[in-house]
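Residue-level structure breakdown
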Amino acid sequence: MPVIVIASPKGGAGKSTTAILLATELALAGARTVLFDCDPNRSVSIWASRKKLPKNIEFINDVGESEIIRAIKHHDTDGKIVIVDLEGVASRLVSRAISQADLVITPMRGTTLDATIGARALALVAEEEEALGREIRHAVVFTMTRAIRSNQHKGIEVSLKGQGVDVIDPPLMERAAYSALFEFGGNLRDLPPQGNMEGAISNAIEFARAVYQRLAEPVEAAA
Amino acid sequence: MSEQQPFSVDIGKLRTAAKPEATSQVIQTSDVAGERLGFVNRAPKGRGGRQPSPRTGQVHAKTLPHVAEEISAEAKRRGVVQGVLIEEAWALYCHQNGLETGG
């Protein structure tokens, strides 16, 4: 079953938020998901500790580079979607996890710094594809996006698309509810009202649907 | 609260590729590819400094070498563990500085 690796060597790009939103929305959509927290900052573990895990979600933490491949393989079984949240550094843990991925998602804010550092993850995917002789689908999702996008953000998006990079639409918007997940745990429906809840939920559903579509279509249709 | 319903995942439609086995050769290939781009081994190298005592779990403070040797020799001479000397030294220190001690 599909393995989704959330990777960017840039810290604060929104990897953990992306992983949790994806896991919780796919779980609500009926998929059994296994969520790995491989980030020493343990952001996903904080979320997991707040409340009983939502239905259909299994949580794994404390996986280091020596165990990551076997751990992913152990859970990469029929009927499950594996989601791996990685640390925000350029480490061997990242390259090993990517070797097992069906889809690598690189979250980035619409800033030059995020794009520059995030591009290293895209380069790593290309390098591993060549080294391992298999295609690894990858995509970028913009995070913490505001309704009115900056010229910098627009420029980066145009540049990525121009280079053939798959940019997930919709981006993840900047929503108070997404930050609140780390305070309250659970999924977006469990939260006490946080700003524009309708917008947050709708955005998360559409994002998860866009990822699901990528997992459901043949690889050759990806490019 | 929102009434929006999530979409439905059809597990049967999900595509997955055959991944390489976790052989040492595959792992090394992946590592080399990563290292070319600066994705290097950053796993903790283990805990630095003196290891805790397996018996008490305590980490003893480091001292200058001659102090360590002198404490060791005195403990041997008296036939006690070094901790006894440290406890005595602590009692003296507390007494000199007017500190309360549990002993």
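For the structure, check the block above.
So, here is what we can say about the structure in this document.

Thresholds, definitions, all that
Residues numbered from 1 in each chain as written. Chains lettered and ligands numbered in written order. Predicted model: local features only at pLDDT ≥ 70, side-chain atom pairs only at ≥ 80, totals over all residues. Heavy atoms only, no water. 1 Å grid on protein atoms, 1.4 Å probe; cavity = no way out; pocket = protein on both sides within 12 Å on 5 of 7 lines; lining within 4 Å. Points joined across faces, edges and corners; volume = space filled by probe spheres on them. Helix = DSSP H or I, 4+ residues; strand = E, 2+ residues; numbered from the N terminus. Nonpolar A, V, L, I, M, F, W, Y, C, P; charged D, E, K, R; others polar. Contact = heavy atoms within 4.5 Å. Salt bridge = Lys/Arg side-chain N within 4 Å of Asp/Glu carboxyl O. Polar contact = N/O pair within 3.5 Å; in protein donor to acceptor, adjacent residues only side chain to side chain.

**Quick word on the layout of surface pockets**
Considering only enclosed or pocket space, the largest pocket measures out at about 620 Å³ in volume. For the largest pocket, the lining is made up of 17 residues, of which Gln58, His60, Gln82, Gly83 and Ile86 of chain B are closest to its centre. Mapped onto the lining of the largest pocket, the elements with two or more residues apiece are helix 2 (65-78) and helix 3 (82-97) of chain B. Size it by volume and the second largest pocket reaches roughly 330 Å³. Every residue lining the second largest pocket is counted, 18 residues in all, and those nearest its centre are Cys38, Pro40, Val63 and Gly64 of chain A together with Pro44 of chain B. Tallied by class, the residues present in the lining of the second largest pocket amount to six nonpolar, four polar and eight charged.

**Section: the interface of chain A and chain B**
When the parts of a complex come together, some accessible area is lost, and that lost area is often used as the size of the interface. Counting residues at the interface gives 50 residues for chain A and 37 residues for chain B. Run the count over chain A and chain B and you get six salt bridges. Where Asp31 of chain B meets Arg96 of chain A, a salt bridge forms, and the shortest distance between an N and an O atom there is 2.6 Å. Run the count over chain A and chain B and you get 17 residue pairs in polar contact (both at pLDDT 80 or more). Of all the secondary-structure elements, those providing two or more residues to the side of chain A that touches chain B are helix 1 (15-28), helix 3 (68-75), helix 4 (92-98), helix 5 (112-132) and helix 8 (197-216) of chain A. For the side of chain A that touches chain B, the element with the most residues is helix 8 of chain A, which contributes ten residues. Split into classes, the residues belonging to the side of chain A that touches chain B amount to 29 nonpolar, six polar and 15 charged.

Any link to function would need more than the numbers given here.
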